[in-house]
Structure formats: structure tokens, C-alpha cells
Amino acid sequence: MTGRLIAVVGPSGVGKDSVMAGIVAADPTISLVRRVITRAPDLGGEDYDALTPDAFGKAAQAGRFCVHWGAHAMFYGIPQQVLNDVTDGKQCLANFSRTALARAADVFPTVTVLNITARPETLAQRLHARDRETPKEIAKRLAQAAKPLPAGMDVVTVSNDGPLAETVAAAIAALQPVRA
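It should be emphasised that the depicted structure is a prediction, and the values quoted were computed from it without experimental measurement.

Another aspect to go through is the pattern of salt bridges. A complete count under the given rule lists 5 salt bridges for this structure. Two residues, Asp49 and Arg34, come together in a salt bridge whose shortest N-O distance is 2.7 Å. With Asp49 in strand β4 (residues 49-50) and Arg34 in the loop between β2 (30-32) and β3 (36-37), this residue pair connects regions lying 15 residues apart in the sequence. One salt bridge connects Lys58 with Asp54, and the closest N-O pair in it is separated by 3.2 Å. Of this pair, Lys58 and Asp54 both sit in helix α2 (residues 53-61), separated by 4 residues, roughly a single helical turn.

In C-alpha cells form, the structure reads like this:
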């Protein structure tokens, strides 16, 4: 089997973490990537390794990340081991930034982008419900929701407006290789 990075993107509040957890639970051949983030530990949402900005910068300089980026006043890193896993034939599912997709395409031998979408009213409701941002920050995130993806990438798009189980099933079906 050929390995690949499945880079999951979508606007804040679209449910990336929930969809990713559902995919991994339903398909044990896909590994969930644990990102490194300059966020305080134990804030909820995804499981991640927390680093201070200074420690993150040192880790990046030391080559501990195959891809890293900054967004929303934080830094995010994909551990170098993920590139090794993909090269060894594993499918790795990672929460990604649209701004880092071109870099991922340069680094990984195979990348599939799982683009998760939802209607603006769904996003607004979810962002308010998670109670992590101010109304001004929510408005800024909603304004960024329609950012375009880089051209020329292998993109699969699924909507997460309905039941989570339906979104997960649609994502798994779209990510499966064509069978003869």
C-alpha cells in the first residue's frame, strides 16, 4: 500500500476534530497525527503536544517538524516521524492549515486534502457554543472561512452540516482508493 498524508482542512468550527476521530475509529488503517502547538496544555479539542513559542522555535530549527506554520497567534508543527510513517506506507490523518498545504505537497510523496465544509450559520453556531473566542474573534474566523485551496492538489470535499456519522461515512468513501 502506498502511504499518504491526508491533510484535513476547513474553517474553524467545521468539526475537523470530530470528523477525524470518526474516520480513525472506523478505519484502523489510518493513523491520527498528534500535532505540536504553542497552546496551553489541556484546553480541550484535539490531543496535542504543547510547547512554548521559544521551545517550538528551537524544535523547528532542530528539524523536529516536517511541516510547520503559524496561524491565529500560535504555531503548529507536524512531527518529522509522520513523514517517515508515510514514506513507510502508512496513511496519516492530520489537522492542517490551508496556508501550509503547498509546503506539505513539497514534503510528502502523496497528499490528499480532505476539505470539510459547513454553511456559515452552522459555523457561527458551533463557534459560539465552544466559547473559546470573543464575538470579534468569531467574526474574523467566519470571514476567513472561504479561503481558497492551492491549485493542483488532490482534494476531496465533504459537508459537515448534518449528522456526524453521515459526514464520516462520506469522508471514508471519498478517501478510499477506487476498487476494480
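Here the narrative resumes, following the displayed structure.
Time to look at the sheet that holds β2. Strands sit in the order β2-β7-β1-β8-β9 across an open sheet of 5 strands; the sheet is parallel. Single-partner strands in this sheet number two, and they are β2 and β9 (154-159). Averaged over all pairs of adjacent strands, the angle between their axes in this sheet comes to 25°, without regard to strand direction. Pairing analysis gives 5 bridges linking strand β1 (residues 4-9) to strand β8 (residues 111-117), with the strands arranged parallel. Bridge pairing links Leu5 to Val111 in β8. On top of the sheet, helix α1 (residues 16-26) reaches β1, β2, β7 (91-95) and β8; it is set at about 165° to β7, its chief contact.

Here the focus is the environment of Asn95. Mapped onto the elements, Asn95 comes out in strand β7. Classification of Asn95 as buried rests on a relative accessible area of 6%. C-alpha of Asn95 to C-alpha of Val82: the two residues are 13 residues apart in sequence and 13 Å apart in space. In this structure, Asn95 is in contact with Val8, Lys16, Asp17, Met20, Arg35, Glu46, Trp69 and Ile78, ignoring residues within four places of it in sequence.

The next point concerns the pairing of strand β6 (residues 74-79). As paired elements, β3 and β6 share 2 bridges and run antiparallel to each other. Paired with Ile37 across the bridge in β6 is Tyr76. Pairing geometry for strand β5 (residues 65-71) and β6, over 6 bridges, is antiparallel. Paired with Ala71 across the two strands is Met74, which belongs to β6. Where β5 folds back on β6, the antiparallel hairpin that results is connected by 2 residues, among which His72 adopts a positive phi of roughly 55°.

Looking at α1, one finds that the buried residues are Lys16, Val19, Met20, Gly22 and Ile23. Along the axis of α1, the buried positions cluster into a sector of 160°, meaning they face one direction only. If you follow the buried residues of α1, they end up packed against β1, β2, β7, β8 and α7 (164-175).

Parameters and conventions
- Residues numbered from 1 in each chain as written.
- Predicted model: local features only at pLDDT ≥ 70, side-chain atom pairs only at ≥ 80, totals over all residues.
- Heavy atoms only, no water.
- Salt bridge = Lys/Arg side-chain N within 4 Å of Asp/Glu carboxyl O.
- Helix = DSSP H or I, 4+ residues; strand = E, 2+ residues; numbered from the N terminus.
- Pairing = 2+ DSSP bridges.
- Axes fitted to C-alpha atoms, helices over the stretch in contact; angles between N-to-C directions.
- Contact = heavy atoms within 4.5 Å.
- Buried < 20%, exposed > 50% of the residue type's maximum accessible area, 1.4 Å probe, protein only.
- Arc of directions from axis to C-beta.

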